[in-house]
Amino acid sequence: MNILIIGGGGREHALAWKIQQSPQCEALYIAPGNAGIQTLGENVVLDIKDNQAVVDFAVAKNIGLAVVAPDDYLAQGMVDALTSAGIKAFGPTKAAAQLEWSKAFAKEFMKKHGIPTAQSETFSSFDTALEYARTQTLPVVIKADGLALGKGVVIAQTYDEAEATLRSFMAEAKFGASGKTVVIEEFLEGSEISIHAFCDGKDAVLFPVSRDHKRVGDGNTGPNTGGMGTIAPVLVPDWFLNVVKQSVVMPVLKGMNDTGTPFKGILYPGIMVTNQGIKVIEFNTRFGDPECESYMRILESDLVEILLACVDGTLENVNVKWSDDSVTTVMLASKGYPEAYEKGFEVQGINDAEADSSVVVFHAGTATKEGNTVTSGGRVLGVSATGKTPEEAKKKAYEAADKIHFEGKQNRADIGAFWAL
Ligand code: AMP
Ligand code: GLY
């Protein structure tokens, strides 16, 4: 069948890499794609902010499966539009994706369904929010309700910082409508992990546990980013995934079903493992990036078969198999990221890095200029290596990352330092 992927980052490169290996995949289109993805399929110029343009393209190209990967296009209702036009689309509907695009909705949902999470309150008035924040123990966590490119969360260390954050989100509308409502919540101490589950509306299959490294600097210092590297599987006790499934994932599926908005797609709860047990930090309703880059390296089953089963509600018939390998993905970013950065620098050494068969280099922010690969984003490449042990995966990923050069390249040196909970 013909397949369309929406998106153009490292996550979509990893999805394209895996989907292209499926015996079911004939033509593969990616909108907009990037310089790396074009070796796997056709990059398409399409106004993806316009659902109807995507539907028209999908009809014209006889698309049998559309995979909507980024959060903003799920929030835009692209899956709804494709489904209404009779095209199978992987991902939640706009209503189901609200678990990600409104943190206030997600908190309310968790309270209602007894899903463990940080204690919190939601505010739409700056004065009331500020009054409440000043009564909270420091640090206090302030979150913009809506999507904010991963920058809508501030862990305020002082009341002055809390006030400045509330002012910029609510009064100055730094993130537009996304920050007009805020969630103020308790700071959770513990070990952070990423959970992913394939969901078909009633049933879920959990992935092995992974870990992102969100801060830009080694030792989790500096500002939050989209993610500077991932490892999988994080070593957990046998019972762990079952507890997460029963206390988080299945209550979500049941709760969403009960309100007539069944959840299909990837449910990705960020989880803090605290002294008081697991607590959900947030819900994402899509593959994580760069979690996806690591996951695609160790997924053994046919991804297309699984995605179709999620759409069709037949996940119980599919056997999802993972390899026994460990995987490490190190993101190479532009100097200055996650703040302002320059682009257009030539990238060298990708072929050298991929000379080791355990390595795949996924493109995130790249473009082609005069036949050369150049940087075109904050996160430029995801260098992913598998190994028989966590140590081997880490070592190979860094050996490969060191072979790649572009001006201003920055990466964390401690991805894969901790493989336990
Ligand atoms: P979010 O967008 O909600 O995932 O938040 C971004 C990052 O901020 C998370 O990945 C955590 O590292 C951190 N964070 C969010 N909420 C909390 C919290 N309540 N306690 C501690 N850290 C948090
Ligand atoms: N890696 C974090 C995210 O995709 O939200």
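Criteria and cut-off values
Residues numbered from 1 in each chain as written. Chains lettered and ligands numbered in written order. Predicted model: local features only at pLDDT ≥ 70, side-chain atom pairs only at ≥ 80, totals over all residues. Heavy atoms only, no water. Near = heavy atom within 4 Å. Polar contact = N/O pair within 3.5 Å; in protein donor to acceptor, adjacent residues only side chain to side chain. Areas by Shrake-Rupley, 256 points an atom, 1.4 Å probe, with all protein chains shown as cover. 1 Å grid on protein atoms, 1.4 Å probe; cavity = no way out; pocket = protein on both sides within 12 Å on 5 of 7 lines; lining within 4 Å. Points joined across faces, edges and corners; volume = space filled by probe spheres on them. Helix = DSSP H or I, 4+ residues; strand = E, 2+ residues; numbered from the N terminus. Nonpolar A, V, L, I, M, F, W, Y, C, P; charged D, E, K, R; others polar. Domains from an automatic or database assignment. Phe/Tyr/Trp six-rings, centres within 6.5 Å; stacked < 30°, edge-to-face > 60°. Buried < 20%, exposed > 50% of the residue type's maximum accessible area, 1.4 Å probe, protein only. Pairing = 2+ DSSP bridges. Contact = heavy atoms within 4.5 Å. Axes fitted to C-alpha atoms, helices over the stretch in contact; angles between N-to-C directions. Core = buried A, V, L, I, M, F, W, Y, C linked by side-chain atoms within 4.5 Å.

Around ligand 2, the structure places D212, K214, G226, Y268, R286, G288, D289, P290 and E291. G226 places a main-chain nitrogen or oxygen 3.1 Å from a nitrogen atom of ligand 2. Here a nitrogen atom of ligand 2 sits 2.8 Å away from a polar atom, N or O, in the side chain of E291. Protein contacts shield 89% of the accessible area of ligand 2, which totals 200 Å² for the unbound molecule.

With that out of the way, let us pick up the layout of surface pockets. By volume, the second largest pocket is sized at about 370 Å³. Lining the second largest pocket are 14 residues, and of these K151, V153, V154, P223 and N224 sit closest to its centre. Within the residue set of the lining of the second largest pocket, elements represented by two or more residues are β8 (153–156) and β15 (221–224). Each residue belonging to the lining of the second largest pocket can be placed in one class, and the counts come to six nonpolar, three polar and five charged. Counting only domains with at least three residues in the lining of the second largest pocket, you end up with domain 2 (125–180) and domain 3 (191–401).

This part takes up the site of ligand 1. Taken together, 15 residues lie near ligand 1, and E185, E186, L188, E192 and E282 sit nearest. At 3.1 Å from a nitrogen atom of ligand 1 is found a side-chain nitrogen or oxygen belonging to K143. Within the side chain of E192, one N or O atom sits 2.5 Å away from an oxygen atom of ligand 1. When ligand 1 is considered free in solution it has 460 Å² of accessible area, and contact with the protein chains removes 92% of it. Contributing elements (two or more residues each) for the shell around ligand 1: β7 (140–144), β8, β9 (182–186) and β18 (277–284). Looking at the shell around ligand 1, its residues break down into seven nonpolar, one polar and seven charged. Each of domain 2 (125–180) and domain 3 (191–401) gives at least three residues to the shell around ligand 1.

What follows is about the packing of aromatic side chains. Centre-to-centre distance and the angle between the planes together describe a pair of aromatic rings. The final tally for this structure, using the stated rule, is 12 aromatic pairs. Between the aromatic rings of F198 and F287, the centroid separation amounts to 6.5 Å while the plane-to-plane angle is 80°, which identifies the pairing as edge-to-face. Of this pair, F198 sits in strand β11 (residues 197–200) while F287 sits in the loop between β18 and α10 (291–298), and the two are 89 residues apart along the sequence. Take F198 and F287: they sit in the same class, and that class is buried.

Moving on to the sheet that holds strand β3 (residues 42–43). Adjacent strands of a sheet form backbone hydrogen bonds with each other and so pair up, either parallel or antiparallel. Spatially, the five strands line up as an open sheet ordered β3-β2-β1-β4-β5, and their pairing is parallel. Two strands bound the open sheet, and with one partner strand each, they are β3 and β5 (89–90). The sheet strands contacting helix α11 (residues 303–312) are β1 (2–7), β4 (63–68) and β5, and the helix crosses β4 at an angle near 85°.

Okay, the domain arrangement of the protein chain next. The parts lose accessible area when they come together, and the size of an interface is often stated as this lost area. Domain parsing of the protein chain yields domain 1 (2–91), domain 2 (125–180) and domain 3 (191–401). Of note, the centres of domain 1 and domain 2, computed from C-alpha atoms alone, are 35 Å apart.

Counting 48 residues, the largest nonpolar core has I271, F283 and I404 as its most contacted members. Ranked by the residues each element gives to this core, the list is headed by helix α9 (residues 240–258), at seven residues. Counting 41 residues, the second-largest nonpolar core is a separate cluster that includes A16, C25, L40 and A232.

With that settled, the discussion passes to the side chain of K143. Tracing the sequence through the fold places K143 in strand β7. Looking at K143, the relative accessible area reads 5%, which means it is buried. Within the structure, K143 has its side chain in polar contact with the backbone oxygen of I281 (distance 3.0 Å). Residue contacts for K143: discarding those within four places in its chain leaves K103, G152, V153, F169, T181, V182, V183, E185 and I281.

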